[in-house]
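Descriptive structure summary
In case you want the letters, here they are:
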Amino acid sequence: MKKSSGVLDPKILVRFGNVSLVAKKIVDGFIAGLHRSIHKGASIEFAEHRQYTAGDDPKYLDWKVYGRTDRLYVREFREETNLKAYILLDASNSMNYSSDTDTPTKFVYAKCLAICLSYIMMKQNDSTGLVVFDSEIKNLVKPSSTRQHFHFLIENIENIETGKDTDIGKTIHRIANLIKRRSLIILISDLFDDQGTVIKGLAHFKHRHHEIIVFHLLDKAEMEFPFEGFRDFIDMETNERIPVDAKAIRNAYKHIFGQFLSFYQRACSERNINYARALTSTPFDYFLYHFLQLRSRKS
Amino acid sequence: MGFLQPLFLWGLVGIIIPVLIHLFSRKKSIPYYFSTIKFIKLMRKRTIRRQRLEEILVLLLRSVLVASLFMAAAQPVSKKAFLTEKESWVVLVLDDSASMSAATENPWKNLQEASEKILATLKKGTHVAAIFTSGRLIPFSTSSQQIAKQIREGHAGFHGQTLQPAMEQAFSMLEKKIGYKKIFLITDMQKTAWENFSPSGLRKVNPDITIVDAGEDENHINITIKDFYPVAGKNTYVCEITNWSKQEITTELKITADRYETVKSITIPERKTTEIEVKIESDCQTIKVEIPYPDALKADNIFYLQKETGEQKKVLAAGCEGPCLSYTKASMESAGTISVDTKNINELYNIVLEKYRTILLVNPQKLGFELRQKIMEYINGGGTLVYFLGDRVAYKDFNSDWEAQEVEEFFMPAKIKGKSEFLKPGRVAWVATAHPLFSEFGERTIDFLKTTRFNACFSVKEVTGDILMKLDNGYPLLLEKRRGKGKIFLFTFTPQHPWTNFQTKPFFPVMMTVMVESLSGFTYPTSVGDPVVVKGSENAAAVSIINPQGEINIITNTSKTPVSYIPDIPGIWTSVFSSGKGQQKQITAVNIPYREGNLSKISHGEVRPIFRKMHVSFINKNRMQKIILAEATGGQMMAFFLEMALAILIAELILSNIFAFVKERGSKNV
């Protein structure tokens, strides 16, 4: 994999503004596929032979094999395009944070990521849907694999604004109830909510046999807490203020934040949920490449 | 507990300063929008608690720091803390020498102030005595107020600083006392007083010694008339003036000789002694020399000189009994103005030489060490020695005796080699006719001496004096040398047959008389505090001692003569001997000791070794009050507060570092 080109750098995204264009550029560069279908049936790509059983469609019988072996076998093909994917995009106010002007906000990064993923899906003929939420579901686009749908999706994503505070756990439960068919759920969020509720929500999806990918978006400053002196920290969601000597609490903060991260990592791993942490300062292509590589190895 | 400076207690109001700073300088925080504060909230309670603790601790430390400084400045006194022993004996040794009356900063006033403060801080019942260096003594008393009163009424004298006897007296007073023993020596730290200072009895008593420096700094302007003495001709005098200051001084020199007055303008370079020659065209009894300059010490700007008023000039003759001594004695007494006391050499040990104008040593045997010392002191102090060499003088002894004691230069005018006997009698070929000894005869001197024969004389070597007479064969006959304030005349022969026939010539008695009369016409003045011995007529019924201020002290018991008294102020002192035949007056000029004029101070580092391992502390004049207080309160109270302030400063420094370290690490337990 080539290293991040200039265009794919998040800094460029900040300057460039057009998220979908950047996403297209990213995906065109390297895409190979986000997933393999677990459904086998008639399609282009041959998968294997299977002994004929009663009820099988006789059109899939392989007569050449019957001629050679005097046994009935049917041909099976790998199906590639019948996946439904939902991108769950956290549009809470905390996502609007960026520690410096050269780094995109988490929300911009999330939108870019969402478009990249939609583009990949479209390329694979998968149906992609979108759920935008904060403390409630703000927007729901049902999945489809058509090109018009893709453009509609992109337009939707580009026009989303951040809203109120988050309630991920509750919203996930509601979304889980809405999605009946087995799908791929992609959650893009900073997960700044009650950890237990969030995990319970994700478990709900798992319970309904959905495959889940969690993109945990974070700003570098949230992890490293590089602030100095006395600061009056104002919560972007609640507007609550808290004056504190930043230097004095830095290490303790990092410690607690580390616990927060490791909780998600462990909880996801235990529940067979794909968990990927992305820093907004990491180039998109670099992040996506590594994520997809890891995923393909697992599959 | 009391306070010497209670006004400083108002400073305790200053405690509110750190509180106000604490209240008004709360750290302003910068607002910052952050994605979530839920993690900060988790730890904030502990952090706030720690920050508050830190602030309160710093506030507390600063308040105590301010309080400690003002408490120290208020100078707390705890009388209980001083002298915990049941019996305490304190001796104040007070320097009341002339230098203590230096005008610019008034050391005497400092001394009085220091004494009062010391006495005020003493525990009730402490035995206190005071010894003045002039010799005055206030015996042990438990009434420190009484002693303070006496010190308050006292004044600095004019005598020299006599620290050693005063300290020794203090040691002897404390020697048999049981309990706590303490000596406060209050002095101006004049350097000259500490030269050869080695008091005995220190070890036996082992007291605590505190030396209070009441003297002024050394940036004063001061000049001293070191000496005033006649030279060469009858009417010429030399005034030696020392400028101790660091700057050149131009002033006037006012000379009053009885009714005759003259003023001379003088310039004395800094830190130098200048000799000013003065001619006084008047026969006078007393001379007063004065520099009317407004300098630090006035008393040393005046010098008195008096002409000897006794009817007869006293000469002491000693040596080998024989014709030589009798010729010389007869020669001197021939004019009737000189009386000669003849003594055996051994008798000289017990005689006060200073009362004689001239000492005549004729062919003496070997002199002992002590006698030589005594003679040297006499000459240095202004006496005249006339020394005739003779058969009894061994040249080796002469050369070694007078050399051993003089490091820089041989004491006599020349060393001698041995007796030289001439085949052909020598004749006087050269005489220093300008010398006052021969000035009465002038150019005719050699004519007078033409008939004189010299068959033998001592040859000399390493001549350091002046040759006044010389033979035609080159041998010097008479040499002169000035030592200190006095003179030595060394004759290389004995005036008797077969050495010479000089004694038979009329020139000889004249020369001897002139030698005594004209060269030492003035008695060297004495110093304040030194005993003055006056001898009048044996049958005097009473002696009146009149001091320069006209106060009369009559001594009726004159069975013991000579009469002695100790002058306590400078000026002309008069002794009047009253008898049935009438009155006989003698005057004595008294000056303050020359060394008193030098106000140079000794450093603490130089004084400390004198007391070796003794506990000696010093109190500087500028910090007198504080340190006397520290001394008087056992060095505890003020030092305690100052140390506390220092400890707080250090504590705050350490704490701020610890806080910084904790912040840096960010405790995981937060």
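Residues numbered from 1 in each chain as written. Chains lettered and ligands numbered in written order. Predicted model: local features only at pLDDT ≥ 70, side-chain atom pairs only at ≥ 80, totals over all residues. Heavy atoms only, no water.

1. Brief notes about the overall build of chain B
- Across its full length, chain B carries 16 helices and 34 strands.
- For chain B, the residues scored as buried account for 51% of the 670 residues in total.
- Expressed as a percentage of contacts within chain B between residues at least 6 apart in sequence, the contacts between residues at least 24 apart total 73%.
- Split by element, the accessible area of chain B, about 31,900 Å² in all, is 53% carbon and sulfur. (Helix = DSSP H or I, 4+ residues; strand = E, 2+ residues; numbered from the N terminus. Buried < 20%, exposed > 50% of the residue type's maximum accessible area, 1.4 Å probe, protein only. Contact = heavy atoms within 4.5 Å. Areas by Shrake-Rupley, 256 points an atom, 1.4 Å probe, with all protein chains shown as cover.)

2. A short note on the overall build of chain A
- From N to C terminus, chain A includes 10 helices and 11 strands.
- Each of the 299 residues in chain A was classed as buried or not, and the buried ones make up 51%.
- Sequence-distant contacts, at least 24 apart, represent 75% of the contacts inside chain A between residues at least 6 apart.
- Accessible area of chain A: about 14,200 Å², with a carbon and sulfur share of 48%.

3. Overview of the packing of aromatic side chains
All names here are of chain B.
- For the structure shown, the criterion picks out 48 aromatic pairs over all chains.
- With 5.6 Å between their ring centres and 85 degrees between their planes, phenylalanine 491 and phenylalanine 493 make a pair best called edge-to-face.
- We classify phenylalanine 493 as buried; its relative accessible area is 0%.
- Note on phenylalanine 502 and phenylalanine 508: the rings are 5.3 Å apart at their centroids and 65 degrees apart in plane angle, and the pair reads as edge-to-face.
- The class of phenylalanine 508 is buried, set by a relative accessible area of 0%.
- Between the NZ or CZ atom of lysine 182 and the centre of the ring of phenylalanine 184, over which it lies, the distance is 4.9 Å.
- Across from the ring centre of tryptophan 499, 4.4 Å away, lies the NZ or CZ of lysine 419, which sits over that ring. (Phe/Tyr/Trp six-rings, centres within 6.5 Å; stacked < 30°, edge-to-face > 60°. Lys NZ or Arg CZ within 6 Å of the ring centre and 35° of its normal.)

4. Digging into the packing of helix α3 (residues 107-121) of chain B against helix α4 (residues 144-153) of chain B
All names here are of chain B.
- Here α3 crosses α4 at 175 degrees, and the two axes come no closer than 10 Å. Considering the angle they form, α3 stands roughly antiparallel to α4. When α3 is examined against α4, the residues Trp108, Leu111, Gln112, Ser115, Glu116 and Leu119 are found in contact with a partner set consisting of Ser144, Ile147, Ala148, Ile151 and Arg152. (Axes fitted to C-alpha atoms, helices over the stretch in contact; angles between N-to-C directions. Parallel < 35°, antiparallel > 145°, perpendicular 65-115°, else oblique.)

5. As for the pairing of strand β7 (residues 184-189) of chain A
Residues and elements named next belong to chain A.
- Of all 6 residues making up β7, 6 are buried, and the element is well covered by its neighbours.
- Summarising the sheet, strand β4 (residues 84-90) and β7 pair through 5 bridges and their orientation is parallel. When the bridges of β7 are listed, alanine 85 appears paired with leucine 184.
- Looking at chain direction, β7 and strand β8 (residues 211-218) are connected through 6 bridges and run parallel. Residue pairing for β8: isoleucine 186 is matched across the bridge by isoleucine 213.
- Crossover handedness for the path β7 to helix α7 (residues 195-207) to β8: right-handed. (Pairing = 2+ DSSP bridges. Right-handed = clockwise from strand over helix to strand, strands pointing away.)

6. What to know about the nonpolar core
- Core analysis: the largest hydrophobic core is formed by 70 residues, its most contacted members being Leu361, Tyr387, Phe398, Trp402 and Met469 of chain B.
- With 7 residues, the single largest contributor to this core is helix α13 (residues 507-517) of chain B.
- When sequence neighbours within four positions are dropped, the list of residues in contact with leucine 361 of chain B reads Ala318, Ile345, Leu348, Leu367, Ile375, Leu385, Val386, Tyr387 and Phe388 of chain B.
- Counting 47 residues, the second-largest nonpolar core is a separate cluster that includes Ile273 of chain A together with Phe34, Ile37 and Met43 of chain B. (Core = buried A, V, L, I, M, F, W, Y, C linked by side-chain atoms within 4.5 Å.)

7. Concerning the confidence of the model for chain A
Residues and elements named next belong to chain A.
- Here chain A averages 79 in pLDDT, while 81% of its residues score no lower than 70.
- Between the elements of chain A, mean pLDDT differs from a low of 46, seen in strand β1 (residues 40-41), to a high of 92, seen in β8.
- Under a pLDDT of 50 for its full length, residues 1-8 has, in the predicted model, 18 contacts with residues more than four places off or in other chains. (pLDDT = per-residue confidence, 0-100.)

8. Re the interface of chain B and chain A
- The interface of chain B with chain A comprises 27 residues on the first partner and 35 residues on the second.
- Between chain B and chain A, roughly 3,100 Å² of surface is buried when both sides are summed, and carbon and sulfur atoms account for 66% of that area.
- A salt bridge links glutamate 240 of chain A to lysine 41 of chain B; the shortest N-O distance between them is 2.9 Å.
- The element contributing the most residues to the side of chain B that touches chain A is helix α2 (residues 38-73) of chain B, with 10 residues.
- Across the side of chain B that touches chain A, the residue classes break down as 11 nonpolar, 7 polar and 9 charged.
- Of the pairings in the sheet, the one linking strand β9 (residues 230-235) of chain A to strand β2 (residues 30-34) of chain B comprises 5 bridges and is parallel in character. Considered in β2 of chain B, the bridge of arginine 231 of chain A is made with isoleucine 30 of chain B. (Buried area = accessible area lost by both parts, 1.4 Å probe. Salt bridge = Lys/Arg side-chain N within 4 Å of Asp/Glu carboxyl O. Nonpolar A, V, L, I, M, F, W, Y, C, P; charged D, E, K, R; others polar.)

9. Thoughts on the sheet that holds strand β4 (residues 88-94) of chain B
Residue and element names in this part refer to chain B.
- Strand order in this open sheet of 6 strands is β6-β5-β4-β7-β8-β34, and the pairing throughout is mixed. Each edge of the sheet is formed by a strand with only one pairing partner; in this case those strands are β6 (137-141) and β34 (616-619). Strand-to-strand twist in this sheet, taken as the mean axis angle between neighbours without regard to direction, amounts to 15 degrees.
- Note that β4 and strand β7 (residues 180-187) share 7 bridges and pair parallel. By the bridge assignment, valine 93 is partnered in β7 with leucine 185.
- Relative to the sheet, α4 contacts β4, β5 (127-132) and β6, its axis offset from that of β5 by approximately 15 degrees.
- Along the sheet, helix α5 (residues 163-175) makes contact with β4, β5, β6 and β7, crossing β7 at roughly 165 degrees.

10. Here we look at the environment of leucine 649 of chain B
- Mapped onto the elements, leucine 649 of chain B comes out in helix α16 (residues 637-665).
- A sequence separation of 587 residues divides leucine 649 of chain B from arginine 62 of chain B, and the C-alpha atoms of the two residues are 8.4 Å apart.

11. Observations concerning α3 of chain B
- Taking 1.5 Å of rise per residue, the 15 residues of α3 of chain B would be expected to cover 21 Å, and the 21 Å separating its terminal C-alpha atoms lies within 8% of that figure.
- A large share of α3 of chain B lies buried, amounting to 11 of its 15 residues. (Expected span 1.5 Å × (residues − 1).)

12. What to know about the sheet that holds strand β30 (residues 552-555) of chain B
All names here are of chain B.
- As summarised here, the arrangement of the 5 strands in space is β27-β33-β32-β29-β30, forming an open sheet in which the pairing is mixed. Looking along the sheet, the strands with just one partner apiece sit at the ends: β27 (526-527) and β30.
- In terms of strand pairing, β27 meets strand β33 (residues 582-591) through 2 bridges, oriented parallel. The residue of β33 that forms the bridge with threonine 526 is valine 590.

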